[in-house]
Amino acid sequence: MTSPAGLPPTGGGSGERQRLKLLAVTACPTGIAHTYMAAEKLSQAAERLGVDIKVETQGSIGAENVLTDNDVRTADGVIIAADKDVDLSRFAGKRVVTVGVAEGIHHPERLIEQVRTAPVHGGGGGGTSTSSSTNSGGSGGGKERSIGYKALMNGVSYMIPFVVVGGLLIAISLSLGGHTDPSGGLVIPKDSFWMDVNNIGVIGFQLMVPILSGYIAYAIGDRPALVPGMVGGWIANTGSLYDSEAGAGFIGAIVTGFLAGYLVLWIKKVEVPKFVRPIMPIIVIPIVATTALGLFFIYVIGEPISWVFEHLTDWLGGMTGTSAVLLGAILGLMIAFDMGGPVNKTAFLFGAGLIATGNQEVMGMCAAAIPVMPLGQGLATLIRKRLYTEQERETGLASLFMGLFGISEGAIPFAAARPAQVIPANMLGGAVAGALAGLAGVEDAVPHGGPIVAVLGAVSGVPMFFVAVVIGTVVTALTTVALVDVSERRRKGQPMVDGLAPQPELALAGVSAGAGLSVGAGSDGLGAGTGGGTATAHAPAQRTDSVPASAGSAADASPDATADRSADASTDASAGASDDDEVLSGYLTARTVKVRLDSGDKEAAIREMAGLLAATGKVTDVEELVAAALRREEQGTTGLGEEIAIPHAKTDAVTAPVVGFARSAEGVEWGSLDGTKAKLVFMISVPEAAAGDEHLRILALLSRKLMDTGFRERLMTAPDEAAVLDVLREIR
C-alpha cells in the first residue's frame, strides 16, 4: 500500500526537521549515457536544493538501485525522466511528473519544483503513456513521447522476436528442405524434419500479430488490456472468422491494440461497488473488453475487410488484358501495402490462381515485388545507420535474410513502427519491381516469391527478375531513408541520433546496446542490475562511494576483466609502473593519459587518441581503430556537451578493452548539441569478441561521474599525468 500524497513534504521521521523526499526513474530505449546522465543531474540538483532523492536507473546493464515499497511509501513525489514505458502502478497515490529523459539532464531543478504541485497518480495505468495526459502540467513542454508512439513501439518491440525467429526458421526449412512443385509452390515433404522446423516457424508467425496487438493494448491499459488485445489481434489475423479469405494482418492488429487499450481505460472509469473492485482487473474487465472487441471486429470491421477482398479480386480479374506494366505496378503496390493483409493476399492469390490457367506472368510480377519490402528496409538500416536504433539495425539484418526467401513479413516491424514513412516507400519499390517484371515478361511457375524461386529454377527470365528486385529494393531503401530523415528533422529540428531525443547517445559501433530490448520496451537490460546505491542521492557521501563500489565489484567479477588486469599488471611492472596507476579496472593506466591534446579537429584528435591507446600494446591496427571510431561518429556525435567527448568503437583492431584520456586547453569542435568544444576526451575501445557488458559499465560510470562539475574542474586543473590519475581514480 502507498500512502496518499499530501502537501509536501510528507516523508521523513519524527523529531527532526523534515526534508522533501523524492524518487526518480531514468530510462531511455538504448540506455547508457542518457540514463545515467539524467540520474546524476537529478541527484546533483536535489543536493543543491536540500532535497533527498533516490534514483532508479533502467539502463543497458539492467535496472539498478531499484525503488523499494518502503521508498515509495515514504516518498513525497516521483519524477519519471524516460523515453520508454515505465510502470507507474507502484506510484499510485503519489505526485508524479513524467517527462522525457532529456529534461532530466537539462532542467533537473525545474522538475524538482514541478513535482511539488504535480497531479496525484491514480494508479489506473501501467506505463508512463497512460498518465501523460494526467501529468501534462509537468511534462516539460511536451518533451515526452506521445501515448500512441509509446504504445506502438511497445507492441513492435515485443513482436520483433516472433518475426525474426518465425521468419528465419521458415527460410531455413525452405532452403534446406524445400523444392519447387508446379502444383504447390515451394514444397517441403510431409513428415520430414524440415517440415517440423517449418511448422515451428509458422507458429511464430501466427503469434506475431496477436503479440503486436496485445502489447499495444498493454502499454495503454495495463494488464487488464493484455487479453483483449491479444485475442483481438488473433481475430484480426483470422479472416475465416468474418468470412474473408485473408485476415487484416498487422494493420488490423494495430487497430485492435488501440481499441482494446482505450476500451479498458474507459471501463476502468466506470464506478462499481467496492466489493466488485478486487475482481475488476482479473475477471470483469478482461471478459467484457475481450467479448466486446471480438464481436465488434467480427460484425463491424470484418465485413468491410471481406468486401474489400472480394471486390479487389473482381477488379484485378478485369485488368488481365491491360498493359503488363500497369498491371505489374498495381500488383506491386498491393503486395507491398499490408504484407499479409487483405490487399496483399488479394494480389498474391490472384497471381497464384492464374498459374493453373497457363498464365505465369502475373505471378512473375508478384514474385518480383514480394522480397522488395524486407530487402529494402534491411538495406535502409545499412545505408543510414544513425536513423535506427541498435535493435532496428539487428532486425534489418534478419529482414535482409528473410527477403532472400520471399518472406515479406520481415518488413512488418519497420512498417508498424513508422507506417507513414515505410508503407509508401514499400509501395513505391514494389510498384517499380512489379512494373519492370511485367515489362520484361518474367514468369513464375510456383506461388512463391523472392530470389529463392529463381535459384530453384521456377522463374523464367531470371536476369530481368533480379534486375527488377534490385531496383525495387534500392528505390524502397532510398525512399525510406529520405522520408524517415525528413520526419525526424521535422520532429526535432535535426537528424535523430540512435533513435533518441536531441542529446547524443552512446552505443558502441557493432554493439547491441539494447540487446534486451528485443523482448520488449520494458526489459532493456543485458544483465541483472548490480544492486542498490548506484544512483542514489540520499546523502552526497553515500552517492559518491556507492558508484565505484557497485560497478567495480561487478567488473572485478568478470573473468575477462581479471585476465586483462593481470596482463596489464605484469606489463606495467616491467615498465616500472604499479597497480596504483590503474583506473577503471585497469583499462586506463598512466600510459593512456595525456595532459595536453595537440590536435585541433575531431578526426586528428581521434587519431592522436588511437596512438595513445597503441602505447599499451593492445592495439594491433591503429588505422582500423581510427576508422572504426570515425564510423561511429558518422552515426551521431559522441560529444556529450559540458565540454565532454567519449569517442568509442568495438573492433578487432584491439586485443583487450582499453581506455584513454586526454585534455585539450583550447577545446576541439565535436559537434556537441550544446555548442561547447570538447576539452575532456575519453576514448574507449573493446574487441569484437569481448564478453559480458564491461564496456557498458565503463560508459555508464563515465557518463554519471562526468556530470559532476567538481570532478570536471579537478580534471581540468590537474597539473600533470599523476594528478590526473588521482582524480580519475574516483571512478575506478
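Refer to the structure printed above.
Each value, and the rule that gives it
- Residues numbered from 1 in each chain as written.
- Predicted model: local features only at pLDDT ≥ 70, side-chain atom pairs only at ≥ 80, totals over all residues.
- Heavy atoms only, no water.
- Helix = DSSP H or I, 4+ residues; strand = E, 2+ residues; numbered from the N terminus.
- Buried < 20%, exposed > 50% of the residue type's maximum accessible area, 1.4 Å probe, protein only.
- Contact = heavy atoms within 4.5 Å.
- Areas by Shrake-Rupley, 256 points an atom, 1.4 Å probe, with all protein chains shown as cover.
- Expected span 1.5 Å × (residues − 1).
- Polar contact = N/O pair within 3.5 Å; in protein donor to acceptor, adjacent residues only side chain to side chain.
- Core = buried A, V, L, I, M, F, W, Y, C linked by side-chain atoms within 4.5 Å.
- Axes fitted to C-alpha atoms, helices over the stretch in contact; angles between N-to-C directions.
- Parallel < 35°, antiparallel > 145°, perpendicular 65-115°, else oblique.
- Left-handed = near helix turned anticlockwise from the far one by under 90°.
- Nonpolar A, V, L, I, M, F, W, Y, C, P; charged D, E, K, R; others polar.
- Salt bridge = Lys/Arg side-chain N within 4 Å of Asp/Glu carboxyl O.
- Patch = residues over 30% accessible without salt bridge, like charges linked within 9 Å, V, L, I, M, F, W, Y side chains within 5 Å.
- Pairing = 2+ DSSP bridges.

A. Structural view of the overall build of the protein chain. Check the secondary structure of the protein chain and you find 26 helices and 16 strands. Within the protein chain, the proportion of its 732 residues that are buried is 58%. Looking at the protein chain alone, contacts between residues at least 24 apart form 72% of all its contacts between residues at least 6 apart. Accessible surface for the protein chain amounts to roughly 26,600 Å². Of this, 61% is attributable to carbon and sulfur atoms.

B. Structural detail: helix 22 (residues 602-614). Here helix 22 is 13 residues long and its end C-alpha atoms lie 18 Å apart, about the 18 Å a rise of 1.5 Å per residue gives. Two or three places before Glu603, at the start of helix 22, stands the capping residue Asp601, its side-chain oxygen 3.2 Å from that residue's backbone nitrogen.

C. Structural context of the nonpolar core. In this structure, Leu212, Phe250, Leu331, Ile335 and Phe465 are the most contacted members of the largest nonpolar core, which totals 78 residues. The greatest single-element share of this core, amounting to 10 residues, is contributed by helix 6 (residues 147-177). Counting 33 residues, the second-largest nonpolar core is a separate cluster that includes Leu715, Val724, Leu728 and Ile731.

D. Spatial organisation of the packing of helix 6 against helix 15 (residues 390-404). Relative to each other, helix 6 and helix 15 sit at 25°, their axes nearing to 9 Å. Judged on the interaxial angle alone, helix 15 and helix 6 are roughly parallel. Between helix 6 and helix 15 lies a crossing whose hand is left-handed. Where helix 6 approaches helix 15, its residues Ser157, Ile160, Val163, Val164, Gly167, Leu168, Ala171 and Ile172 are matched on the opposing element by Gln391, Thr395, Ala398, Phe401 and Met402. Among the residues making up the contact of helix 6 with helix 15, the classes are represented as nine nonpolar, four polar and no charged.

E. The arrangement of the environment of Val255 in detail. Along the chain, Val255 falls in helix 9 (residues 249-268). A C-alpha to C-alpha distance of 9.5 Å links Val255 and Ile216, two positions 39 residues apart in sequence.

F. Highlighting the packing of helix 8 (residues 226-237) against helix 9. One can describe the packing of helix 8 onto helix 9 by two numbers: an axis separation of 8 Å at closest approach and a directional angle of 150°. If you check the angle between helix 8 and helix 9, you find them roughly antiparallel. Our pair here, helix 8 against helix 9, has a crossing hand that is right-handed. For the pair helix 8 and helix 9, contact is made by Pro228, Gly229, Gly232, Gly233, Ala236 and Asn237 and by Gly249, Gly252, Ala253, Thr256, Ala260 and Val264, respectively. Classifying every residue of the contact of helix 8 with helix 9 gives five nonpolar, seven polar and no charged.

G. Up close: the pattern of salt bridges. In total, this model carries 21 salt bridges according to the counting rule given. Where Glu633 meets Lys602, a salt bridge forms, and the shortest distance between an N and an O atom there is 3.2 Å. Residue Glu633 is located in helix 23 (residues 622-635), and its partner Lys602 is located in helix 22; the two are separated by 31 residues in the primary sequence. Via salt bridges that share partners, Lys41, Glu642 and Arg712 belong to a single interconnected network.

H. Seen up close, a nonpolar patch on the surface. Taken together, the side chains of Val255, Leu259, Leu295, Phe296, Tyr299 and Val300 make up a nonpolar region of the molecular surface, amounting to roughly 540 Å² of accessible area. Residue assignment for the nonpolar patch shows that the elements contributing at least two residues are helix 9 and helix 10 (280-317). Take the nonpolar patch: its biggest share by element is four residues, from helix 10. Tracing the backbone shows Tyr299 in helix 10. With a relative accessible area of 61%, Tyr299 lands in the exposed category.

I. Looking closely at the environment of Thr651. One can find Thr651 in the loop between strand 14 (648-650) and strand 15 (658-668). For Thr651, a relative accessible area of 5% puts it in the buried group. Sequence-distant contacts of Thr651, that is, excluding residues within four places in its chain, are made with Glu624, Leu625, Ala628, Ser685, Val686, Pro687 and Glu688.

J. Fine view of helix 13 (residues 361-369). For helix 13, a buried count of eight out of nine residues is recorded, marking the element as mostly surrounded by other parts of the structure. Turning to helix 13, its buried residues number three or more, namely Val362, Met363, Gly364, Met365, Cys366, Ala367, Ala368 and Ala369.

K. Spotlight on unusual backbone geometry. Of note in the backbone geometry, Asp222 takes a positive phi value of approximately 70° without being a glycine. Turning to its location among the elements, Asp222 is positioned in the loop between helix 7 (193-221) and helix 8. One non-glycine residue, Glu643, lies in the positive phi region at around 65°. Residue position: Glu643 is located in the loop between strand 12 (639-641) and strand 13 (644-645). What makes Glu643 partly exposed here is its relative accessible area of 30%.

L. Looking closely at the pairing of strand 4 (residues 77-82). Across the six residues that make up strand 4, a large majority, six, are buried. When strand 1 (residues 21-27) meets strand 4, the two strands line up parallel, connected through six bridges. Residue pairing for strand 4: Ala24 is matched across the bridge by Ile79.

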